[in-house]
Amino acid sequence: MKQQRENFGSRAAVIMAMAGSAIGLGNIWRFPYILGEYGGAAFILLYIAASLLVALPIFFAESVIGRRSHSNAYGALRKLAPGTKWHWAGILTIISPLLILSYYSVVGGWSVQYLFKSLSFDFTTGSPEAVSSYFGNFISSAWQPVISHTIFLSLVAVIVLFGVRKGIEKFSNIAMPVLLVLIVALIVYSLTLPGSFKGVTYLIKPDFSKLNADAAAAALGQAFFSLSLGVGTILTYASYVKKDENLIVSGLGTAGFDLLFAVMAGFAVIPAVFAAGIEPGAGPGLVFETLPFIFNQMASQAPVVSSVVSIVFFVAILAAALTSAISMLEVGVAFLTEEKGMKRAPATLLLAFFTWLVGILCSLSFGPMKDFHILGLTFFDFVDHLCSDWLMPIGGLVFTLFVGWKMKKADVRDELTNGGTCNRMIYKVFYYLIRYVAPVGIVAVFLTNLFL
Ligand code: PHE
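Residues numbered from 1 in each chain as written. Predicted model: local features only at pLDDT ≥ 70, side-chain atom pairs only at ≥ 80, totals over all residues. Heavy atoms only, no water.

A. Layout of the overall build of the protein. The secondary structure content of the protein amounts to 19 helices and two strands. Relative to the globule expectation of 22 Å for 452 residues, the C-alpha radius of gyration of the protein, 21 Å, shows essentially globular dimensions. Taking the principal axes of the C-alpha coordinates as reference, the protein spans close to 65 × 50 × 45 Å. Counting the 452 residues in the protein, one finds 58% classified as buried. Element-wise, carbon and sulfur atoms account for 69% of the exposed surface of the protein, whose accessible area totals about 17700 Å². (Helix = DSSP H or I, 4+ residues; strand = E, 2+ residues; numbered from the N terminus. Rg over C-alpha atoms; globule rule 2.2 N^0.38 Å. Buried < 20%, exposed > 50% of the residue type's maximum accessible area, 1.4 Å probe, protein only. Areas by Shrake-Rupley, 256 points an atom, 1.4 Å probe, with all protein chains shown as cover.)

Next comes the structure, spelled out in structure tokens:
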């Protein structure tokens, strides 16, 4: 079935859409706790290196494939390498985003619940003890988080079902700048909390003794997660980018915003973590334990402001999470409608149902299923590690090898320099990174994951 393919109207629209997918819970929820687990400042440096040397080249590789083919991930590889088996790898990129969505939706559900709690002023009027113990009680209960996960995923499915890209895009055009402003305000506030200074030291004074192969793998996994790589999302979005658009500039813009949001979230959360006496290595609950603490503390000085800030903040997090979640579901829906001739509605519902079931297991793994372990990890952690340590990098490896070794160099050059009219120097650097550095980096991380 041939579908009418659309284009993004302007460079700003391309960056906004890609940034909408990239900036999400990965920046605000995942980055601060991974940072906390791997020792702070030194990890930030590792993360920047992984982003520049491996993640960004893969971002460009996906962009090249997407815009060259104007197809979904699976169709693209078939179109650009007809008669080969490359497109089989496209199947992987249909499954991985759904697996990611299954646990992403659980965390998205937590933000739904936290928004309800903010709306009922529970964080700003409750006692500090009640606020700090809330997270643990909430996620370990059987039903509440599953209901929140269901609400979040339903929102995602409804948006994808109606294809209201314009609505959500306009929404995120407002929500993202609001989020940015709020994060700056939170950084300022969190730096004024007594005891927060230790957190700043933690973020700016690198302790290289914490750096090991495990941290390198985590940095790369986080870079993949944050830039939505290796799962066909960037590829699919790039397939809507016009021929005269500068792919390198849009990619650098997206990656720059993504990094900015992550580092700022780190500076908003980690100093407050120290002030609250929470362990920086506390894991997935870190942000959800810290933010209510900040709001609760603020309430003693400015109750109205802190209530409003907490509501707006969770609305903005939810919006950021939704724009990312939609891009995950869209990859599979694009595949089923373009390649299998399915209608949009059944395709969306089928994939959402599968995701919902897996998500329930992820959610229960904080409570009733917490003793069920796979390879020593809870189900939630297992799916998270499977996706960010393996499936995303494998997808990324396929894309860099495809662009670096399978596609004609002239075609890659044509895409990245718009027919030789721009970026000629920077293209050379990235071609080298795509061909050699990124694949070697990924394989090195695989080997350390397997043998260390
Ligand atoms: N990049 C998104 C985030 O940071 C997550 C994501 C992963 C989105 C994979 C799409 C595909 O929240």
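Next, the rest of the story.
B. Examining the site of the ligand more closely. If you check the shell around the ligand, you find 16 residues, and the closest are Ala22, Gly26, Tyr104, Phe225 and Ser228. Between the ligand and Ala22 there is a distance of 2.7 Å, counted from an oxygen atom to a backbone nitrogen or oxygen. Interatomic distance of 2.8 Å between a backbone N/O atom of Phe225 and a nitrogen atom of the ligand. Contact with the protein chains hides 100% of the accessible area of the ligand, taken as 320 Å² for the molecule alone. Elements that contribute at least two residues to the shell around the ligand include exactly helix H1 (11-22), helix H2 (25-37), helix H11 (213-226) and helix H15 (303-339). Grouping the constituent residues of the shell around the ligand by class yields seven nonpolar, nine polar and no charged. (Near = heavy atom within 4 Å. Polar contact = N/O pair within 3.5 Å; in protein donor to acceptor, adjacent residues only side chain to side chain. Nonpolar A, V, L, I, M, F, W, Y, C, P; charged D, E, K, R; others polar.)

C. Fine view of the environment of Asn449. Within the secondary structure, Asn449 is located in helix H19 (residues 424-451). Once the C-alpha coordinates of Asn449 and Ala218 are considered, the two residues, 231 residues apart in sequence, prove to be 9.9 Å apart. Not counting the four nearest positions on each side in its chain, Asn449 is found in contact with Ala217, Asp389 and Trp390. (Contact = heavy atoms within 4.5 Å.)

D. Seen up close, helix H3 (residues 41-69). In this model H3 runs 40 Å from its N-terminal to its C-terminal C-alpha over 29 residues, within 8% of the 42 Å that 1.5 Å per residue would give. Bending of H3 peaks at approximately 45° at the position of Ser51. (Expected span 1.5 Å × (residues − 1). Bend = angle between axes of the 7 residues up to and from the residue.)

E. Summary view of the state of the cysteines. Scanning all chains against the criterion turns up zero disulfides. With no disulfide of its own, Cys362 lies closest to Cys387 among cysteine sulfurs, the gap being 8.8 Å. Residue classification places Cys362 among the buried positions, given a relative accessible area of 0%. (Disulfide = S-S within 2.5 Å.)

F. Summary view of a positive patch on the surface. A contiguous patch of positive charge, built from Lys409, Arg413, Arg424 and Lys428, is present on the exposed surface. Of all elements in the fold, only helix H18 (409-417) and H19 reach the threshold of two or more residues within the positive patch. Here Arg424 is to be found in helix H19. For Arg424, a relative accessible area of 47% translates into the label partly exposed. (Patch = residues over 30% accessible without salt bridge, like charges linked within 9 Å, V, L, I, M, F, W, Y side chains within 5 Å. Salt bridge = Lys/Arg side-chain N within 4 Å of Asp/Glu carboxyl O. Lys, Arg positive; Asp, Glu negative; His and termini not counted. Charge placed at Lys NZ, Arg CZ, Asp CG, Glu CD.)

G. Quick peek at H11. With 14 residues, H11 extends 20 Å between its outermost C-alpha atoms, agreeing within 8% with the 20 Å of an ideal straight helix rising 1.5 Å per residue. Within H11, eleven of the 14 residues are buried, which leaves the element mostly enclosed by the surrounding structure. Where H11 ends, the next residue or the one after it, Ser228, has phi of about 55°, a positive value.

H. Representation of a nonpolar patch on the surface within the structure. A contiguous nonpolar patch, built from Phe116, Leu119, Trp143, Ile147, Ile151 and Leu155 and spanning about 620 Å² of accessible area, is present on the exposed surface. Of all the secondary structure elements, the ones that give two or more residues to the nonpolar patch are helix H5 (88-119) and helix H8 (144-162). The greatest single-element share of the nonpolar patch, amounting to three residues, is contributed by H8. With respect to the helices, strands and loops of the structure, Trp143 is situated in the loop between helix H7 (128-140) and H8. Residue class for Trp143 comes out exposed when judged on its relative accessible area of 65%.

I. Structural detail: the environment of Asn27. Inspection of the secondary structure assignment puts Asn27 in helix H2. A residue is classified by how much of its surface remains accessible, and Asn27, at 0% relative accessible area, is buried. For the pair Asn27 and Asn212, spaced 185 residues apart in the sequence, the C-alpha separation amounts to 22 Å. Excluding residues that lie within four positions of it along the chain, Asn27 makes contacts with Ala22, Pro32, Ser226, Asp258, Phe261, Ala262 and Ala265.

J. Focus on the nonpolar core. Counting residues in each nonpolar core, the largest one holds 149 residues, and the members touching the most others are Trp29, Phe43, Tyr103, Trp110, Leu179, Leu291 and Phe313. Per-element accounting of this core gives the leading share, 18 residues, to H15. Discounting chain neighbours no more than four positions away, the residues touching Phe313 are Leu179, Leu182, Ile183, Leu186, Leu291 and Phe295. (Core = buried A, V, L, I, M, F, W, Y, C linked by side-chain atoms within 4.5 Å.)

K. Up close: the packing of aromatic side chains. Scanning the model with the defined rule gives 34 aromatic pairs in all. Ring centres of Phe59 and Phe60 lie 6.2 Å apart, and the angle between their planes is 85°; on these two criteria the pair is classed as edge-to-face. The class for Phe59 is buried, based on a relative accessible area of 0%. Given a relative accessible area of 0%, Phe60 falls into the buried group. Both rings, one in Trp86 and one in Phe402, keep their centres 5.0 Å apart while their planes meet at 75°; by these two values the pair is edge-to-face. Taken together, the residues span a long stretch of sequence, with Trp86 in the loop between helix H4 (73-80) and H5 and Phe402 in helix H17 (residues 379-406) at a distance of 316 residues. (Phe/Tyr/Trp six-rings, centres within 6.5 Å; stacked < 30°, edge-to-face > 60°.)

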